Protein chains: 2
Amino acid sequence: MTSTPPLMPEHPALTTDTSMLTRRFGKEVINYFAGSRLNRYSFLRSDAPFLQKAATSPAARFVALDNLSPLVVDKKKLALLSFDDVKSLIGEEPYRQSDADRIKGYDSTAGPSVLIVFLGTVDNEGDVEFESSEHGKAKGQPYFAIDVTAKGRQDVERWLKGQEAKGLWVATDTRSLTLHSEAAAMFAQARSILDWNSRNVFCAGCGNPNLSVEAGYKRICPPTDLKRSSSSSVELPDCPTRHGVSNICFPRTDPTMIAAVVSADGQRMLLGRQSRWPPYWHSTLAGFLEPGESVEEAVRREVWEEAGVKVGRVVVHSTQPWPYPSSLMIGAIAQAVPGAGEEINLNDKELESAKWFTMEEVRTALAQNTGSMMAPPPKEYKDGDLRVPPPQAIANRLMTAVVEGYLTGNAKI
Amino acid sequence: MTSTPPLMPEHPALTTDTSMLTRRFGKEVINYFAGSRLNRYSFLRSDAPFLQKAATSPAARFVALDNLSPLVVDKKKLALLSFDDVKSLIGEEPYRQSDADRIKGYDSTAGPSVLIVFLGTVDNEGDVEFESSEHGKAKGQPYFAIDVTAKGRQDVERWLKGQEAKGLWVATDTRSLTLHSEAAAMFAQARSILDWNSRNVFCAGCGNPNLSVEAGYKRICPPTDLKRSSSSSVELPDCPTRHGVSNICFPRTDPTMIAAVVSADGQRMLLGRQSRWPPYWHSTLAGFLEPGESVEEAVRREVWEEAGVKVGRVVVHSTQPWPYPSSLMIGAIAQAVPGAGEEINLNDKELESAKWFTMEEVRTALAQNTGSMMAPPPKEYKDGDLRVPPPQAIANRLMTAVVEGYLTGNAKI
């Protein structure tokens, strides 16, 4: 068992980036949860012989989630387990069967098994390589995630107790857990995929139980069920998901817009607050996208619905995966239309209030940030001053971009 | 019955836009399917008295979809029906019951009803206003979508025959149907929401049939079932979706990245082709986002998986809803890292080929575009020249942005 690799501040392709796009638009902002260096090798997820070699290799590392909370070491580093650490749970040959054989042998009466998700490989550990069946060699140290939610299973409970005895600990308050950039991204991927599998155990097209395949990235509705028989299987009723490609068989990601809205003159920023937040805490407006709308339209709709403000031009600044449960935060910077467009009106009554703040107020709040909502403000904080989310939240990055001159492209102020 | 309102080339908030964001980043590109002027009034979807007034008003307009294909007039305009045109299908009081009453009165043995979706209102028709229960007045002409897929229902079949007799027609080949910008957006919204409802008739959390509420934008798992009894209902087994907010109760949108990748020197563009496309047809690379990754990461992953090219800086250009069935195309412009990063290798073997084209080749192909894949090229086309998708596809808009100088911000070339 080893702990998380050291902090990797940005994607290697961007460390020395002086591209034309960077010259024009500035350096790419890598948000928290987006600092992954995992190569997902998505095209190897049906390659059982490759997965078997990768999972059982001494180089393999496993992250374990109990009820979607990660097992950690030293109370704040993601625990990276070896195959030996987990083989009592997943067996000596976790990928013995191909997906085709597992579908053919589907038996709804069989007991539950521990779900394993292939996360990908990280190529910084020397010469680790695995031969794939049809795609040549895959490079890098392989990482997997396993779901160790006990659900009454005694072997899983025993295993969790054993980990505790070794000093590992389930970090249930994941939202206040600050992980290194790479570990945060690995956790986000693991949590979202495990969550999707645990929420979608029945087929939404026909109501029958379904089966996780492709190393955790697909759930399909099996056409037959052995039902305890060792030889002859029963044909199951037809299901629409068995005809052509069905999106509901694949993991779901919910796009969400979040926008720093600037006044028409560029001098003020629109922020809102929910009644359950600490006093004076505000953030940028956000909301789920709906089918049939662009991000730009969603920003205009949500800002009008929540604050009554009419938005013109919308520019996407950066994006962030958010694993609660599986959102994609699409961070935008937008500008209100002049005049009546800037008047505030809480149309949908979702916010407690929405307000225009000066750039100076936002700049001070960003400088005085001390972390999560629960953390007290610093000494220099004056009661009544604006408080805003920490840098892990894309809201903070959007506000920072604006106060640093995003609208004009001028150097930092 | 009236036909679609005239073409509305861009969002009213942007017609005279000279904001700082526009000065720095250029005018916002409104992609096909994103030209909606509907105010969705999402916070009125549970307001049955409002919906009842809006749906039965003489101002109300209904678009009808049969198996997800729209009813059209003059063979290419979305048919906009009145309440009188559709009341034989949806009844005199389509919103007689509140959602709470419908859930309480849930009866799994009741026959199917025609699903109605509230699309929103368009505020260009004079003084149309409707009082809401808790949110003041909602302005504009109300639009709804109805699902007229017969599924053996004789009343629906008869109704469809009646429309045919009036000259209306179900446009089954929707992908080659070019609608005006606003009508396209309305169709996209209607198609995606109806499709989501029709694919998700069982609860993925417990396998029981579920119920469409909130004017088509939510499906919930009812806790009780009358089962033909008029008074006492049977309690249904517990379902995880009844505890807290569950994302699977809400419409799904699948974020998809699509990127025009430019070489490190800015002189060439990476395009790929699938074997089933017409000869010489190429497009920008695209792929679904996965849980736990940012758009920027997804672009780097997909471009490497499909073409072996290593991407550095990624900038989001514009987005587009794509209603087949419910994707959000996130259009990016990205730059390859120099040297070995530009070498092509079809890692996942999904594409038939991927190739670097000069800006001149792309410019010529854009100029020679004649529409869909099925349309023949123009006379001046020379066999072997590059062919690319039409302007309705965001791929075309991304290529156009690049050849017009997006990377440098200089005026059109």
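Above this note sits the structure.
To start, this report covers the structure provided alongside it. (Residues numbered from 1 in each chain as written. Chains lettered and ligands numbered in written order. Predicted model: local features only at pLDDT ≥ 70, side-chain atom pairs only at ≥ 80, totals over all residues. Heavy atoms only, no water.)

1. Looking at unusual backbone geometry
Peptide bonds are, in most cases, trans, and in most cases residues other than glycine have a negative phi. Residue and element names in this part refer to chain A. That bond from Tyr324 to Pro325 is cis: its omega, -5 degrees, falls within 30 degrees of zero. Looking at the element boundaries, Pro325 is found in the loop between strand 16 (311–322) and strand 17 (327–336). Positive phi values are uncommon outside glycine, yet Leu68 reaches one of about 75 degrees. Among the secondary structure elements, Leu68 is positioned in the loop between strand 1 (61–66) and strand 2 (69–73). Judged by its relative accessible area of 16%, Leu68 falls in the buried class. (Helix = DSSP H or I, 4+ residues; strand = E, 2+ residues; numbered from the N terminus. Buried < 20%, exposed > 50% of the residue type's maximum accessible area, 1.4 Å probe, protein only.)

2. Considering the side chain of Asn247 of chain B
Among the secondary structure elements, Asn247 of chain B is positioned in the loop between strand 12 (234–235) and strand 13 (254–262). Polar contacts involving the side chain of Asn247 of chain B include one to the side chain of Arg199 of chain A, which spans 3.4 Å. Residues contacting Asn247 of chain B, with those up to four places away along its chain left out, are Arg199, Arg252, Asp254 and Pro325 of chain A. (Polar contact = N/O pair within 3.5 Å; in protein donor to acceptor, adjacent residues only side chain to side chain. Contact = heavy atoms within 4.5 Å.)

3. As for the relation of the copies chain B and chain A
Two chain copies here: they are related by a rotation about an axis and a translation along the same axis. Its rotation angle being 180 degrees, the transformation that places chain B on chain A also includes 0.0 Å of axial translation and leaves an RMSD of 0.0 Å. Expressed as a symmetry operation, the mapping of one chain copy onto the other fits a two-fold axis. The rotation axis passes nearest to the C-alpha of Gly207 of chain B in chain B, at a distance of 2.0 Å. In this assembly, 100% of the residues forming the interface of chain B have copies in chain A that are likewise at the interface, indicating an isologous arrangement. (Least-squares fit on C-alpha atoms with pLDDT ≥ 70 in both.)

4. Describing the packing of aromatic side chains
Counting across every chain of the model gives 27 aromatic pairs over all chains. Seen in terms of ring centroids, Phe62 of chain A and Phe144 of chain A are 5.3 Å apart; in terms of plane orientation they differ by 20 degrees. Their pairing is stacked. Of this pair, Phe62 of chain A sits in strand 1 while Phe144 of chain A sits in strand 7 (residues 141–147), and the two are 82 residues apart along the sequence. An identical accessibility class is assigned to Phe62 of chain A and Phe144 of chain A; each is buried. Feature note: the residues Phe50, Phe62, Tyr95, Phe118, Phe130 and Phe144 of chain A constitute an aromatic cluster, connected by ring pairs. Arg45 of chain A extends its terminal NZ or CZ atom over the ring of Tyr217 of chain A, reaching a point 3.4 Å from the ring centre. Sitting over the face of the ring of Trp356 of chain B, Arg268 of chain B holds its NZ or CZ atom 5.3 Å from the ring centroid. (Phe/Tyr/Trp six-rings, centres within 6.5 Å; stacked < 30°, edge-to-face > 60°. Lys NZ or Arg CZ within 6 Å of the ring centre and 35° of its normal.)

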